Amino acid sequence: MHNGRDALMRSGDFEVTGTEPELRISRRRNVPSRGLFRLLIPRVVARVDTSSPIPHLSVFPDALAWFMLVMCAGGVIVEVTMDRVRYPREYPPAFIFGLAGFYVGALVLEWVRTRAAVLRALRG
């Protein structure tokens, strides 16, 4: 399928890098790509292999999203295991759990939206 890049570029919803047969795709977003928003709103990258008649699609978090997942997991582990009598916290107890839950939920939502948008662009 040699029109994979053309189909994705035509839609205007994606930033496409790489060359055929392996394309790296991310959705264009209205959210700034720097600062606090970049940390709190996850991004995913899709990889499309167009070397076969049926393109192979894989979607995965970008490097900063992986980093934030590790940080959220570490925060939850520390919150569960640390002795709070000896080391009292200076923030609400549910903050870390809420942040981790929000981030994972936003990541799953972004993963589903990106996958659906790329598949829709490749089909039509």
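Residues numbered from 1 in each chain as written. Predicted model: local features only at pLDDT ≥ 70, side-chain atom pairs only at ≥ 80, totals over all residues. Heavy atoms only, no water.

**Some thoughts on helix 4 (residues 95–123)**
The end-to-end C-alpha distance of helix 4 is 42 Å, a good match for the 42 Å that 29 residues give at a rise of 1.5 Å each. Among all positions of helix 4, only Ile96, Ala100, Tyr103, Ala106, Leu107, Glu110, Thr114, Ala117, Val118, Leu119, Ala121 and Leu122 are buried. (Helix = DSSP H or I, 4+ residues; strand = E, 2+ residues; numbered from the N terminus. Expected span 1.5 Å × (residues − 1). Buried < 20%, exposed > 50% of the residue type's maximum accessible area, 1.4 Å probe, protein only.)

**A look at the pattern of salt bridges**
Applying the stated criterion across every chain yields a total of six salt bridges. Salt-bridge contacts for aspartate 62 lead to arginine 38; the nearest nitrogen and oxygen are separated by 2.3 Å. With aspartate 62 in the loop between strand 4 (56–61) and helix 3 (63–81) and arginine 38 in helix 2 (residues 35–40), this residue pair connects regions lying 24 residues apart in the sequence. Arginine 38 matches aspartate 62 in its accessibility class, with the two residues each being buried. Among the charged side chains, a salt-bridge network with shared partners connects Arg27, Arg29 and Glu110. (Salt bridge = Lys/Arg side-chain N within 4 Å of Asp/Glu carboxyl O.)

**Quick word on the sheet that holds strand 2 (residues 22–27)**
The strands that make up a sheet are held in pairs by hydrogen bonds between backbone atoms, and each pair lies either parallel or antiparallel. Strand order in the open sheet made by the four strands is 1-2-3-4, with antiparallel pairing throughout. Every other strand in the sheet has two partners, leaving strand 1 (14–17) and strand 4 as the edge strands with one partner each. Direction aside, the axes of adjacent strands within the sheet are offset by 25° on average. With four bridges joining them, strand 2 and strand 3 (residues 44–49) adopt antiparallel strand pairing. The partner of isoleucine 25 across the bridge, within strand 3, is alanine 46. Across the sheet, helix 4 touches strand 1, strand 2, strand 3 and strand 4, and the angle it forms with strand 3 is around 30°. (Pairing = 2+ DSSP bridges. Axes fitted to C-alpha atoms, helices over the stretch in contact; angles between N-to-C directions. Contact = heavy atoms within 4.5 Å.)

**Remarks on the nonpolar core**
Counting 20 residues, the largest nonpolar core has Phe14, Ile25, Ala46, Val48, Leu57 and Val118 as the members making the most contacts within it. When residues of this core are traced back to their parent elements, those giving at least two are strand 1, strand 2, strand 3, strand 4, helix 3 and helix 4. The dominant element in this core, judged by the number of residues it contributes, is helix 4, at eight residues. (Core = buried A, V, L, I, M, F, W, Y, C linked by side-chain atoms within 4.5 Å.)

**Some words on the pairing of strand 1**
Consecutive side chains along a regular strand alternate between the two faces of the sheet. Burial of the side chains of strand 1 is restricted to one face: Phe14 and Val16 are buried, whereas none of Glu15 and Thr17 on the reverse face is. Counting the residues between successive antiparallel strands, the hairpin from strand 1 to strand 2 contains four residues, one of them, glycine 18, with a positive phi of roughly 85°.

**Quick notes on the side chain of serine 26**
By secondary structure assignment, the location of serine 26 is in strand 2. Those residues in contact with serine 26, other than ones at most four positions away along the chain, are Asp13, Phe14, Glu15 and Val44.

**Quick look at the confidence of the model for the chain**
Chain-level pLDDT for the chain is 86 on average; 90% of the residues reach the 70-or-more range. Least confident of the elements in the chain is helix 1 (residues 4–11), whose mean pLDDT is 63; most confident is helix 3, at 95. (pLDDT = per-residue confidence, 0-100.)

**A look at a nonpolar patch on the surface**
A cluster of nonpolar side chains, namely Val104, Val108, Trp111 and Val112, defines an oily patch on the protein surface of about 330 Å² accessible area. Position of valine 108 among the secondary structure elements: in helix 4. (Patch = residues over 30% accessible without salt bridge, like charges linked within 9 Å, V, L, I, M, F, W, Y side chains within 5 Å. Areas by Shrake-Rupley, 256 points an atom, 1.4 Å probe, with all protein chains shown as cover.)

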